[in-house]
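What follows is each chain in one-letter form.
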Amino acid sequence: MSNTTATPSSETPTAATPYGTLPSASLPASRKPVSLPRLADMHARGEKISMLTAYDATFAAMADAAGIDCLLVGDSLGMVCQGLNSTVGVSLDTMRYHTDSVSRGLRRVQGTAWLIADLPFGSYQESREQALRSATVLMQAGAHMVKLEGGGWTTETVRFLVERGIPVCAHLGLTPQTVHALGGYRVQGKGDAGALLKQHAHALQDAGATMLVLEMVPAALAAELTNELKHCATIGIGAGKGTAGQVLVLHDMLGINLGKMPKFVRNFMADAPGVLPALKAYVQAVKDGSFPDDRLHAW
């Protein structure tokens, strides 16, 4: 009998743990890591950008395996994971924890998705310097980009962060952190209000924002902005199919949430045999433009 110890084959699957084995990531050979230049190229070529929220390591790894371009650690976790009535109660430390968890999940499977983290309410409103400190916390936890809500006064904050090497995603339309000031979860940018929203969007692009979430704004307005903003990719949620990409809350698109399903959501689990196929179906539907359907999911 030989005393030589056999070297494990590179084909050997990862040993299972008591909590299961994470799915494989997209192979590096077939998908390079998503980066700002790559996102800019997708935007320029008209390839739709797929984005989905993630709050933990396992779902992050699974979404990456499904081919999601961008993962958003959204402060929606306050409602989805913590059972809060709004995102206002989410703390920076909570955002750091979940960003770290999602980042670890991507690292475990050599994930390739671009990772964005929300700056929570109260973590950037005080000053540009406060915004920088808060963004630093999330970047050090593994985020590639931070997202903040609102226009007007946020423009100089965006410029301040971008000048210091922090990529920024802006957010206009329905901004959940200020839902009380908006009078509830209502469509934004109707009529004359659309002109101000467009003004804010152009100012945010000029300040250096390279992505812009448009939430619950009229589809026609979102499409106009998408055509006008050459250096800032619009990501719609309830903003029609004319945007440069789409984002949904993970639990919503899987048909599981604690409240009423929003109009702009499609339940991708309804026709899928499992979570991974549902995630893949979402990516495909965003890429081929079949989701959203403006007749069903937009205003």
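Residue positions are counted from 1 within each chain, in the order its sequence is given. Residue-level local features of this predicted model are given only where pLDDT is at least 70; pairs of side-chain atoms are given and counted only at 80 or more, and the full residue set underlies all totals for whole chains, interfaces and linings. Hydrogens and waters are ignored; side-chain quantities use all the structure's heavy atoms.

(A) The pairing of strand β3 (residues 114–118), seen in detail. Across the five residues that make up β3, a large majority, five, are buried. Under the scheme applied here, a residue whose accessible area is under 20% of the maximum for its type counts as buried, over 50% as exposed, and between as partly exposed, the area being computed with a 1.4 Å probe on protein chains only. Elements are defined by DSSP. Helices are runs of H or I of four residues or more, strands are runs of E of two residues or more, and each kind is numbered from the N terminus. What you see with β3 is no split at all: Trp-114, Ile-116 and Asp-118 on one side and Leu-115 and Ala-117 on the other are buried throughout. Paired strands, as defined in this entry, are two strands with at least two bridges between them according to DSSP. Alignment of strand β2 (residues 70–73) against β3, held across four bridges, turns out to be parallel. Bridge pairing links Leu-72 to Ile-116 in β3. Bridge analysis of β3 against strand β4 (residues 145–147) gives three bridges, and the strand direction is parallel. When the sheet's bridge partners are listed, Ala-117 is paired in β4 with Val-146. Viewed with both strands pointing away, a crossover whose connecting path from the first strand over the helix to the second turns clockwise is right-handed. With respect to chirality, the unit in which β3 leads through helix α5 (residues 128–140) into the neighbouring parallel β4 is right-handed.

(B) Examining the environment of Asn-267 more closely. Counting through the fold element by element, Asn-267 comes out in the loop between α10 (250–253) and α11 (275–288). Given a relative accessible area of 32%, Asn-267 falls into the partly exposed group. Measuring from C-alpha to C-alpha, the distance between Asn-267 and Leu-254 comes to 5.6 Å, with 13 residues separating the pair along the chain. In this analysis, two residues are considered to be in contact whenever any of their non-hydrogen atoms come within 4.5 Å of each other. Asn-267 has contacts with Met-253, Leu-254 and Gly-255, leaving out every residue within four places of it along the chain. Here a polar contact is recorded for every N or O atom pair within 3.5 Å, except that within protein the pair must consist of a potential hydrogen donor and a potential acceptor, and residues adjacent in sequence are included only if both atoms are side-chain atoms. Within the structure, Asn-267 has its side chain in polar contact with the backbone nitrogen of Met-269 (distance 3.0 Å).

(C) Spotlight on the confidence of the model for the chain. On average, the chain scores 92 in pLDDT, and the residues at 70 or more come to 90%. With pLDDT under 50 throughout, residues 1–15 is counted as low confidence; its partners more than four residues away or in other chains account for two contacts. Note: pLDDT gives the predictor's confidence per residue, expressed from 0 to 100.

(D) Main features of the nonpolar core. Joining through side-chain atoms within 4.5 Å is the link that ties buried Ala, Val, Leu, Ile, Met, Phe, Trp, Tyr and Cys residues into a set, and such a set is a nonpolar core. By size, the foremost hydrophobic cluster in this structure holds 83 residues, and its most contacted members are Leu-71, Met-211 and Leu-248. A per-element tally of this core places α11 first, with six residues.

(E) Structural detail: helix α1 (residues 36–45). All buried positions along α1 are accounted for by Leu-39, Met-42 and His-43. Along the axis of α1, the buried residues cluster in a sector spanning 100°; they form a single face. Across from the buried face of α1, at angles greater than 90 degrees, the exposed residues are Pro-37, Ala-44 and Arg-45. Residues of α1 that are buried sit in contact with β1 (49–53), β2, β3, β6 (211–215), β7 (233–237) and α11. The positive-phi residue at the C-terminal boundary of α1 is Gly-46, with phi of around 85°. Each C-beta atom gives one direction from the helix axis, and the arc is the one those directions make.

(F) Region of the structure containing the side chain of Ser-134. Tracing the sequence through the fold places Ser-134 in helix α5. What makes Ser-134 buried here is its relative accessible area of 5%. In this view, Ser-134 contacts Leu-92, Leu-119 and Ser-123; residues no more than four positions away in its chain are not counted.

(G) Here's a closer look at the environment of Glu-129. Among the structural elements, Glu-129 can be located in helix α5. Residue classification places Glu-129 among the partly exposed residues on the basis of a relative accessible area of 38%. Residues Glu-129 and Thr-157, spaced 28 residues apart in sequence, show a C-alpha to C-alpha distance of 8.6 Å.

(H) View of the packing of α5 against helix α6 (residues 154–163). In the contact formed by α5 and α6, the axes pass within 9 Å of each other and the chain directions differ by 50°. As judged from the angle between their axes, α5 and α6 are oblique. Regarding α5 and α6, the two cross each other, and that crossing is right-handed. Contact residues: α5 offers Arg-128, Glu-129, Ala-131, Leu-132 and Ala-135, while α6 offers Glu-156, Thr-157, Phe-160 and Leu-161. Gly is put with the polar residues, along with every residue not named as nonpolar or charged; the nonpolar set is Ala, Val, Leu, Ile, Met, Phe, Trp, Tyr, Cys and Pro, and the charged set is Asp, Glu, Lys and Arg. Looking at the contact of α5 with α6 residue by residue, the class counts come to five nonpolar, one polar and three charged. Working convention: axes come from line fits to C-alpha atoms, limited for helices to the stretch in contact. Angles between N-to-C directions cover 0 to 180 degrees. For classification, angles of less than 35 degrees are called roughly parallel, those exceeding 145 degrees roughly antiparallel, those between 65 and 115 degrees roughly perpendicular, and all remaining angles oblique. A clockwise turn of the near helix away from the far one marks a right-handed crossing, whereas an anticlockwise turn of less than a right angle marks a left-handed crossing.

(I) Fine view of unusual backbone geometry. Cis geometry is adopted by the peptide bond preceding Pro-292, which originates at Phe-291 and carries an omega value of 0°. As for its position among the elements, Pro-292 is in the loop between α11 and α12 (294–297). Even without being glycine, Gln-110 reaches a positive phi, approximately 55°. Mapped onto the elements, Gln-110 comes out in the loop between α4 (92–108) and β3. In the Ramachandran plot, Met-216 falls in the positive-phi region, its phi being about 50° despite a non-glycine side chain.

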